[in-house]
Amino acid sequence: MGMLLLSVTAMPATDAIVSPSTPFSSRHDPYEPQIPLLTHPEYADVLRDAKITASGHDDEQRPEFVHDGITDDTVMFWTSKVFPSWVKLELPEVREVAQINLNLRAPGTRSFNYAIEGSEDGTDWQMLHDRLDGSGIISGGKVKVVLPVPVRLRELRMTITGGSKPDEGPYVQEISAYARPTPSKLVGAVGDINHRYDASNVPLVGSEQTWQATAWRGERVYGQFVVWTAESRAGLRAEVSALRRVKDVGRDRQMPPENTNDNTVGFGDPALQISARFVRNVLADGKLTGDVLDDAVRLDMPAGSYRAVWLTVETPRDAVPGKYAGTLTLRADGTEPKEFPLTLEVLPATLPAPADWKFHLDIWQHPWAIARWHDVQPWSEEHFRIMRPYMIELAQAGQKVITTTITPRPWGSRDYYDYDTMVVHLRQPDGSWKFDYAAFDRYVEFAMSCGITQQINCYSMLTWSGRLEYTDAATGDRRYAMCEPGSAEFADYWGPFLRDFEQHLESKGWLTITRLAVDEAPATMMKAMLELVHTCAPRLKAAMAGNSAPSNYTGLDLADFTIILDHASDDLLRDIAQRRAEGRVTTFYVCLDPKRPNTFVDSPPAESVWLGYYTAVNGYDGMLRWAYTTWPENPFIETLYSCHPWRRDLPPGDEFMIYPGPRSSIRWELMRDGIEEWEKLRLLRESNHGTLPKDLEELLERFRDPKTLGDDEEIIRDVEAMREAIEQAARKVNLTP
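Worth saying up front: this structure is predicted, and the values here are computed from it rather than measured. (Residues numbered from 1 in each chain as written. Predicted model: local features only at pLDDT ≥ 70, side-chain atom pairs only at ≥ 80, totals over all residues. Heavy atoms only, no water.)

(A) Main features of the pattern of salt bridges. Evaluation of the coordinates by the stated rule reveals 54 salt bridges. In this structure, Arg-539 and Glu-506 form a salt bridge, with 2.8 Å as the shortest nitrogen-oxygen distance. Of this pair, Arg-539 sits in the loop between α5 (523–536) and β28 (541–546) while Glu-506 sits in helix α4 (residues 488–508), placing them 33 residues apart in sequence. The class of Glu-506 is partly exposed, set by a relative accessible area of 44%. Between Asp-593 and Lys-595 there is a salt bridge; the shortest N-O distance is 2.6 Å. For Asp-593, a relative accessible area of 27% gives the class partly exposed. Taken together, the salt bridges that share partners define one network made up of Glu-32, Arg-280, Asp-294, Arg-307 and Arg-663. (Salt bridge = Lys/Arg side-chain N within 4 Å of Asp/Glu carboxyl O. Helix = DSSP H or I, 4+ residues; strand = E, 2+ residues; numbered from the N terminus. Buried < 20%, exposed > 50% of the residue type's maximum accessible area, 1.4 Å probe, protein only.)

(B) Representation of the sheet that holds strand β32 (residues 664–665). Spatial strand order, β8-β10-β17-β14-β15-β32: six strands in an open sheet with antiparallel pairing. Taken across any chain shown, the strands that pair with only one partner, and hence form the sheet edges, are β8 (187–190) and β32. Where strand β15 (residues 287–294) meets β32, two bridges bridge the pair, whose relative direction is antiparallel. The residue bridging Leu-293 from the neighbouring strand is Ser-664, located in β32. Contacts between helix α8 (residues 666–686) and the sheet are confined to β10 (220–229), β14 (274–284), β15, β17 (305–314) and β32, with β10 contributing the most and set at about 150° to the helix. (Pairing = 2+ DSSP bridges. Contact = heavy atoms within 4.5 Å. Axes fitted to C-alpha atoms, helices over the stretch in contact; angles between N-to-C directions.)

(C) Molecular detail of helix α2 (residues 381–395). For α2, built from 15 residues, the straight-helix expectation of 21 Å at 1.5 Å per residue is met to within 8% by its first-to-last C-alpha distance of 20 Å. At Arg-388, α2 shows its maximal bend, which comes to roughly 35°, and the proline Pro-389 appears one to four places after that position. For α2, the set of buried residues is His-383, Phe-384, Ile-386, Met-387, Tyr-390, Met-391, Glu-393, Leu-394 and Ala-395. (Expected span 1.5 Å × (residues − 1). Bend = angle between axes of the 7 residues up to and from the residue.)

(D) Representation of the side chain of Arg-682 within the structure. Mapped onto the fold, Arg-682 is located in helix α8. With residues up to four places along the chain from it excluded, the contact list for Arg-682 reads Pro-352 and Lys-358.

(E) Seen up close, the layout of surface pockets. The calculated volume of the largest pocket comes to roughly 1,300 Å³. Contributing to the lining of the largest pocket are 47 residues, with Ser-232, Arg-233, Met-301, Pro-302 and Ala-303 lying nearest its centre. The set of elements that each furnish at least two residues to the lining of the largest pocket consists of β3 (85–104), β6 (142–163), β7 (172–178), β11 (233–240) and β16 (299–301). Tallied by class, the residues present in the lining of the largest pocket amount to 17 nonpolar, 15 polar and 15 charged. Along the wall of the second largest pocket there are 26 residues; nearest its centre are Gln-212, Ala-213, Thr-214, Glu-720 and Arg-723. Elements represented by at least two residues in the lining of the second largest pocket include exactly β9 (211–217), β10, α8 and α10 (712–732). When residues in the lining of the second largest pocket are grouped by element, the largest group, six residues, is from β9. (1 Å grid on protein atoms, 1.4 Å probe; cavity = no way out; pocket = protein on both sides within 12 Å on 5 of 7 lines; lining within 4 Å. Points joined across faces, edges and corners; volume = space filled by probe spheres on them. Nonpolar A, V, L, I, M, F, W, Y, C, P; charged D, E, K, R; others polar.)

(F) Structural view of the sheet that holds strand β31 (residues 622–625). The parallel open sheet is built from eight strands, whose spatial order is β20-β31-β30-β29-β28-β27-β24-β21. The open sheet has two free edges, formed respectively by β20 (360–363) and β21 (401–405), since each of these has just one partner strand. Pairs of neighbouring strands in the sheet enclose a mean axial angle of 25°, with direction left out of account. Bridge count between strand β24 (residues 455–459) and strand β27 (residues 514–519): three bridges; the pairing is parallel. Following the sheet pairing, Asn-457 is matched in β27 by Arg-515.

(G) The arrangement of the pairing of β15 in detail. Among the eight residues of β15, seven are classified as buried, and the element is accordingly described as predominantly covered. Here seven bridges tie β14 to β15, and the two strands are oriented antiparallel to one another. Note on β15: the bridge partner recorded for Val-282 is Thr-289. The antiparallel pairing of β14 with β15 creates a hairpin that spans two residues between the two strands, and Asp-285 there sits at a positive phi of about 55°.

(H) The arrangement of the pairing of strand β29 (residues 560–564) in detail. Here β29 lies mainly inside the structure; five of its five residues are buried. Residues Asp-560, Thr-562 and Ile-564 point to one face of β29 and Phe-561 and Ile-563 to the other, with burial holding for every one of them. Both β28 and β29 contribute to a ladder of four bridges, which runs parallel. By the bridge assignment for β29, Ala-545 is matched with Thr-562. Note that β29 and strand β30 (residues 585–590) share five bridges and pair parallel. The residue of β30 that forms the bridge with Asp-560 is Val-585. Note that the unit made of β29, helix α6 (residues 570–581) and β30 has a crossover that is right-handed. (Right-handed = clockwise from strand over helix to strand, strands pointing away.)

(I) The nonpolar core, seen in detail. Of all hydrophobic cores here, the largest spans 158 residues; its most connected members are Phe-440, Met-461, Trp-494, Leu-498, Phe-501 and Met-526. Per-element tally for this core: the top contributor is α8, with nine residues. When sequence neighbours within four positions are dropped, the list of residues in contact with Met-526 reads Leu-462, Val-518, Ala-542, Ala-543, Met-544, Leu-556 and Leu-558. Counting 28 residues, the second largest nonpolar core, distinct from the first, contains Trp-78, Ile-116, Val-145 and Ala-179. (Core = buried A, V, L, I, M, F, W, Y, C linked by side-chain atoms within 4.5 Å.)

In structure tokens form, the structure reads like this:
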């Protein structure tokens with residue numbers, strides 16, 4: 001097939017590194033697309049869907065403003081200068097009311113003559129709150145009316161007959177009503193990390209009020225708490241004390257350890273550091289779903305809403321084993337706080353540092369997406385500064401692979417913001433080639449400085465579009481070639497690069513850890529590519545992600561091979577040990593398939609941990625996931641795969657694991673948790689001559705075959721049973737460094 005040359009964009013001939021041609025969008029501040037509201041009748045506002053009418057209104061101060069959830073606006077309230085005036089809220093059916101709340105503007109300076117009445121039929125009215133002789137000065141502008149006994153009504157009417165300023169009408173900002181008197185303190189409970197909390201399962205009834213957990217040294221452990229409210233509450237915030245060592249002395253009693261004078265194990269010294277983040281909501285194909293872990297200092301709780309809080313404890317690898325205690329306190333302005341006692345037992349068993357984990361984690365990075373969101377130029381100093389916390393978090397999950405590109409758009413134009421190239425191919429006027437590795441080298445060195453050092457994957461000699469782009473050195477035009485692997489044109493493009501790239505990598509000391517990576521290409525194309533590589537750069541090795549039966553790739557020389565989870569075969573699983581003995585890596589991956597198990601925004605959280613056990617029982621070296629930060633236009637709103645908004649088979653969150661900021665996610669933390677579980681099983685095997693205790697082996701078999709995956713609750717039961725069995729096994733052996 002001949003080479004088709006097309007001019008794409010113009011650029012200065014002196015500009016060695018090609019920058020994206022489209023402008024960067026400004027950074028979006030995160031906010032929730034919908035209020036997380038309860039539907040339980042005891043917490044929902046009784047007036048939530050009322051029809052609102054009034055005797056009249058002034059200017060723009062219309063009656064519908066008395067029930068819009070806004071209590072702090074200088075315009076959005078109801079008023080009328082004509083006395084008497086009334087505003088009425090008519091419900092679709094008769095409902096029970098036990099409490100009525102008013103928010104009146106101009107607090108502390110105005111008083112009103114008013115009455116609140118209720119009626120079941122709109123004809124007979126019952127007095128509920130009589131202040132016709134004057135309300136007095138209302139401190140804070142808030143009135144809470146708790147009725148002596150609940151009443152049933154279909155219409156609620158507020159009538160104003162006068163006020164302290166006859167020429168001004170009432171400033172009624174909000175009227176709300178509840179079926180039960182609202183408590184003066186926050187209401188909440190200890191949840192669990194296996195569920196996402198929403199209107200379907202909040203409020204939690206009869207749940208725990210104390211959090212208890214067990215951790216290995218060097219482990220991240222989590223808790224989830226939920227609070228809910230009928231009334232609006234401003235300034236929700238979480239305060240956590242450091243966890244300090246304690247000694248149990250009986251029921252609900254604790255005291256310092258006996259050696260309180262020892263400054264290494266004394267009461268609270270050293271203390272375990274703990275953090276709490278709010279669970280923020282996004283849309284998963286239109287459904288409100290809690291996933292973002294946000295370190296916002298304060299969040300307001302609208303009336304009838306809920307909020308989950310995520311707790312994280314990172315136990316140091318040198319922590320003193322024993323029991324630790326602390327408190328999580330949730331506060332809101334003018335509200336009694338809610339306290340949750342915390343207890344953590346730290347076992348002597350110790351995990352290695354993430355850099356020493358054996359799990360081969362490969363999460364694809366997308367540095368251009370980070371630049372787009374943060375509105376910075378790629379490869380600028382500011383870009384690298386912003387990327388550092390993203391990459392450090394990735395390294396702290398045990399990431400082994402640096403994702404690089406050696407041609408623009410290796411996956412075509414499929415993402416909201418395309419990948420570009422880290423290596424510029426410059427075609428000289430005489431037909432020869434030069435290559436600029438400046439961005440490639442800088443990114444690899446940067447990733448290594450963040451702790452990712454084991455492997456470099458370079459995408460891709462086989463692009464999804466078939467386009468092989470380069471820059472015309474004479475004109476600065478970006479051009480591309482369309483050619484087939486195995487053709488002379490393909491060799492003309494890649495041959496000079498391979499020879500030059502092999503020498504460059506050797507000079508940098510990276511040759512042995514670099515892989516020419518390909519994603520989901522047909523085996524015939526891969527074979528032709530490898531033949532060229534073996535001819536031009538025989539010391540370079542290849543990596544591949546396969547999306548068909550592993551038998552299709554038999555005979556390909558692949559140092560790193562990953563198979564999509566639902567295409568794994570018995571033959572491949574039998575070959576893993578032999579491949580490992582040869583120094584080859586074998587993993588599996590999930591992407592938009594399979595639908596279960598996976599790590600989508602709407603996947604049950606326990607599935608992320610399930611994947612770690614699946615990796616262990618089948619002998620894989622690790623797993624691959626695309627991608628880390630390939631965000632849609634605004635992931636804080638809708639998390640669907642952005643470039644195909646009409647295709648609902650591309651699931652929400654498929655293309656990213658964490659949010660801009662960086663802000664973590666529930667699914668990211670629990671995927672990491674599954675990797676820690678894999679590491680625990682590895683250490684338990686090593687301590688037992690390469691095998692697990694019989695009970696652990698039997699439990700682990702439940703995770704072997706994804707085709708037998710149970711429902712959400714069965715997955716949770718299996719995961720929790722496995723956690724408990726690992727904990728009990730760790731108590732019986734010495735797993736200290």
